[in-house]
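Here is how the chains run, residue by residue.
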Amino acid sequence: MNEAVFTRLSLTFLTGFDENGKEMYQTRHFRNIKTEASNDSLFQTALALASLQQFELDKVERNNTYELID
């Protein structure tokens, strides 16, 4: 498998409800994450960042981009 060339951490927060009672979300993206960072360390970082926010954390995602080479 090729090595990741770019990693992004995304945190999704539940920000409230609309007039129909449907949940509304907001996502914050953090770029320039070290590609060799472990999933556990990223999750712990996400929890620390979420504790600084006013909204409830709903989801944490790691997005890796790979360069495909022949």
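Here goes a summary of the coordinates provided. The structure presented is a predicted model; accordingly, all values stated were derived computationally and were not measured. The numbers attached to residues start from 1 for each chain and follow its sequence in the written order. Given that this is a predicted model, residues contribute local features only at a pLDDT of at least 70 and side-chain atom pairs are listed and counted only at 80 or more, while totals for whole chains, interfaces and linings are drawn from all residues. Side-chain measures were taken over the full set of non-hydrogen atoms in the model, leaving aside hydrogen atoms and water.

Let us look at the environment of A4. What counts as a helix is a DSSP run of H or I of at least four residues, what counts as a strand is a run of E of at least two, and both are numbered from the N terminus. Tracing the chain through its elements places A4 in strand β1 (residues 4–17). Along the backbone, A4 and N39 are 35 residues apart, and their C-alpha atoms lie at a distance of 14 Å. With near-sequence residues (within four places) excluded, A4 lies in contact with T35, N64, T65 and Y66. What makes two residues a contact is simply this: any of their non-hydrogen atoms within 4.5 Å.

Turning our attention to unusual backbone geometry. The phi angle of most residues is negative, glycine excepted, and most peptide bonds adopt the trans form. Even without glycine at this site, N32 takes up a positive phi of about 60 degrees. Along the chain, N32 falls in the loop between β2 (23–30) and α1 (39–50).

In this scheme, strands are said to pair when DSSP sees at least two bridges between them. One ladder, built from 8 bridges, connects β1 with β2; its direction is antiparallel. Each residue of the ladder has a partner; that of T12, found in β2, is T27. As consecutive antiparallel partners, β1 and β2 are separated by 5 residues, and within that stretch G21 has a phi angle of approximately 85 degrees, a positive value.

Another aspect to go through is the nonpolar core. Nonpolar side chains tend to gather and get buried jointly when the protein is soluble and globular. Residues enter a nonpolar core if they are buried and are Ala, Val, Leu, Ile, Met, Phe, Trp, Tyr or Cys, with the set joined through side-chain atoms within 4.5 Å. Categorising residues by exposure relies on relative accessible area from a 1.4 Å probe, with only protein chains included: less than 20% of the type maximum marks a residue as buried, more than 50% marks it as exposed, and the intermediate range marks it as partly exposed. In this structure, L9, L11, F13, A37, L42, A46 and A50 together form the largest nonpolar core, which totals 7 residues. Secondary structure elements with two or more residues in this core: β1 and α1. Beyond its immediate stretch of four places on either side in the chain, L9 contacts R28, H29, F30, I33, L42, A46, V60 and E61.

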